[in-house]
Amino acid sequence: MSRLAPVLALAVTLLGSLARAEPTAAVVPLPFAVEHFRAPQSHLARTLASSTLLAEKLPLDRALVVVWGKTGGAAFHLEKGELKQVRFSHQGEDAPVPEASRNAVPGTRMQSAGPLTVALSGARADYHHNVFGAVSEAGAIAVAERQPLAGVSAQPRAVPIRTATVESGADAVFEDVEPRLADLDGDGTPEIVTVKSYLDKGSALAIIGRRDGAWRLLAETPPIGERHRWLAPAAVADFDGDGRPEIALVRTPHLQGVLQIWAWQDGKLALKHEASGYTNHILGSAIVDNAVAVDLDGDARPELVIPTFDRKALAVLSLRGGMIKEVRRIALPAAAGRGLAALRAGKDVHILVGLEDGRLAAVRP
């Protein structure tokens, strides 16, 4: 029996490790129903810690996931590997802090990186798709760049700002809630990733960038080909490990749910992979954070975590080997759709999922 003891102990240890490796999805108790969700990269999540709303002070660089409903809100963060929440008082539908300037399309959100801030402007009323409910489509992308101050002065000075506008054109609108900023070509200046929808041909993924000092449309995917057919950007990351970011999107997330991976190559967009059976948006919802790129296995290549088409589970997708491979499915307590984001990566990752029934789930994949 003494010879068997080490073997039995090893077996118990291995079984325990396997048991701990099983994904879990637990509902987080909250005194309000989650109606709004912001991921850590959002303007709101990056600025909330500097406001006076939170019940306790958090470091300004702490990654937050922010949720709220009609009767309250909470900011989630990790502290020593444990999921913590800080409540804030909130009433009504509006965001707890401003998310865009007064000139932006109501209900949309600005995004910033370094000196650059971008927003959707010029509300349009000629497409009538209502993919985001009451949020209108936009006729332009507004770009603002803070300029360096010349010389040295002991007196306070206003920071000069250079502005630009990129128009969608009379035959199209920008059908988005939050333009994304990503340095696709590695030159140090982010490009703008957004959705451009043609009035008679549906949506295309559009890339806007600065060339020769001017902001302009650089490239776009072919439009879907039919009016009121939309695509939903999911994540921008270096999924295949080649040192260059790819763009994941879902073509017609409400109808077909085709995940596509597009690469930026020589100033053009090239389709690299696609697979059916996934979605990252609910028709009529203004929540667009419903997928996340995060390195779950520590190999320095992010996986894509995205709901399955029925939204009853999360799929973990890898692009190893030159193809989209689903490596895991994680069942959820209810259908997803009200937000999805990750805090940390690898073994310390916590994925938060806003469920359609207003609850919040914490997933350990």
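The coordinates are above.
Here's what I pulled together on the structure shown here. (Residues numbered from 1 in each chain as written. Predicted model: local features only at pLDDT ≥ 70, side-chain atom pairs only at ≥ 80, totals over all residues. Heavy atoms only, no water.)

## Some words on the overall build of the protein chain
Here comes step 1: If you tally the helices and strands in the protein chain, you get two helices and 25 strands.
Here comes step 2: Its C-alpha atoms give the protein chain a radius of gyration of 22 Å, near enough to 21 Å, the size a compact globule of 365 residues would have.
Here comes step 3: When its C-alpha atoms are laid out on the principal axes, the protein chain stretches across 80 × 50 × 40 Å.
Here comes step 4: For the protein chain, buried positions account for 50% of its 365 residues.
Here comes step 5: The contacts in the protein chain between residues at least 6 apart in sequence include a share of 51% that link residues at least 24 apart. (Helix = DSSP H or I, 4+ residues; strand = E, 2+ residues; numbered from the N terminus. Rg over C-alpha atoms; globule rule 2.2 N^0.38 Å. Buried < 20%, exposed > 50% of the residue type's maximum accessible area, 1.4 Å probe, protein only. Contact = heavy atoms within 4.5 Å.)

## With respect to the sheet that holds strand β24 (residues 350-355)
Here comes step 1: What the four strands build is an open sheet, ordered β1-β25-β24-β23; its pairing is antiparallel. Where the open sheet ends on each side, the last strands, each with one partner, are β1 (24-28) and β23 (336-343). Averaged over all adjacent pairs, the angle separating strand axes in this sheet is 25 degrees, with direction ignored. (Pairing = 2+ DSSP bridges. Axes fitted to C-alpha atoms, helices over the stretch in contact; angles between N-to-C directions.)

## Looking at the sheet that holds strand β18 (residues 268-276)
Here comes step 1: Judged by pairing direction, the sheet is antiparallel, and its four strands sit side by side in the order β15-β16-β17-β18 without closing on themselves. Both edges of this open sheet fall to β15 (231-237) and β18, since each of them pairs with a single strand only. Adjacent strand axes in the sheet meet at a mean angle of 25 degrees, parallel and antiparallel pairs treated alike.
Here comes step 2: As defined by bridge partners, strand β16 (residues 246-251) adjoins strand β17 (residues 258-265) across six bridges and the pair is classed as antiparallel. Of the residues in β17, the one forming a bridge with Leu249 is Gln260.

## Points about the pairing of strand β14 (residues 214-220)
Here comes step 1: Alignment of strand β13 (residues 202-211) against β14, held across six bridges, turns out to be antiparallel. Looking at the pairing, Arg211 lines up with Ala214 of β14.
Here comes step 2: Adjacent in sequence and paired antiparallel, β13 and β14 are bridged by two residues, among which Asp212 carries a positive phi angle near 55 degrees.

## Quick look at unusual backbone geometry
Peptide bonds are trans in most cases, and residues, glycine excluded, mostly fall at negative phi.
Here comes step 1: If you check the backbone angles, Asn130 has positive phi at about 60 degrees while not being a glycine.
Here comes step 2: For Asn130, the location among the structural elements is in the loop between β7 (116-124) and β8 (137-146).
Here comes step 3: With relative accessibility at 46%, the residue Asn130 sits in the partly exposed group.
Here comes step 4: With phi around 50 degrees, Asp266 is a residue other than glycine that occupies positive phi space.
Here comes step 5: With respect to the secondary-structure elements, Asp266 resides in the loop between β17 and β18.

## A word on the nonpolar core
Soluble globular proteins: nonpolar side chains tend toward being buried together.
Here comes step 1: Residues Phe132, Leu184, Leu205, Ile207, Ile247, Trp264 and Leu269 are the most contacted members of the largest nonpolar core, which totals 22 residues.
Here comes step 2: Discounting residues that sit within four places of it in the chain, Ile247 has contacts with Leu184, Val193, Leu205, Ile207, Ala235, Val236, Gln260, Ile261, Trp262 and Leu269.
Here comes step 3: Formed by 18 residues, the second largest nonpolar core is a distinct cluster that contains Val305, Leu314, Ile330 and Ala336. (Core = buried A, V, L, I, M, F, W, Y, C linked by side-chain atoms within 4.5 Å.)

## Observations concerning the packing of aromatic side chains
Here comes step 1: If you walk through the whole model with that rule in mind, you get one aromatic pair.
Here comes step 2: Consider the rings of Phe132 and Trp230, whose centres lie 5.3 Å apart with planes at 90 degrees: the pair is edge-to-face. In this pair, Phe132 is assigned in the loop between β7 and β8 and Trp230 in the loop between β14 and β15, connecting sequence segments 98 residues apart. Of the two residues, Phe132 and Trp230, neither departs from the other in class, the shared state being buried.
Here comes step 3: The lysine or arginine in question, Lys201, covers the ring of Tyr198, its NZ or CZ lying 4.6 Å from the ring centre. (Phe/Tyr/Trp six-rings, centres within 6.5 Å; stacked < 30°, edge-to-face > 60°. Lys NZ or Arg CZ within 6 Å of the ring centre and 35° of its normal.)

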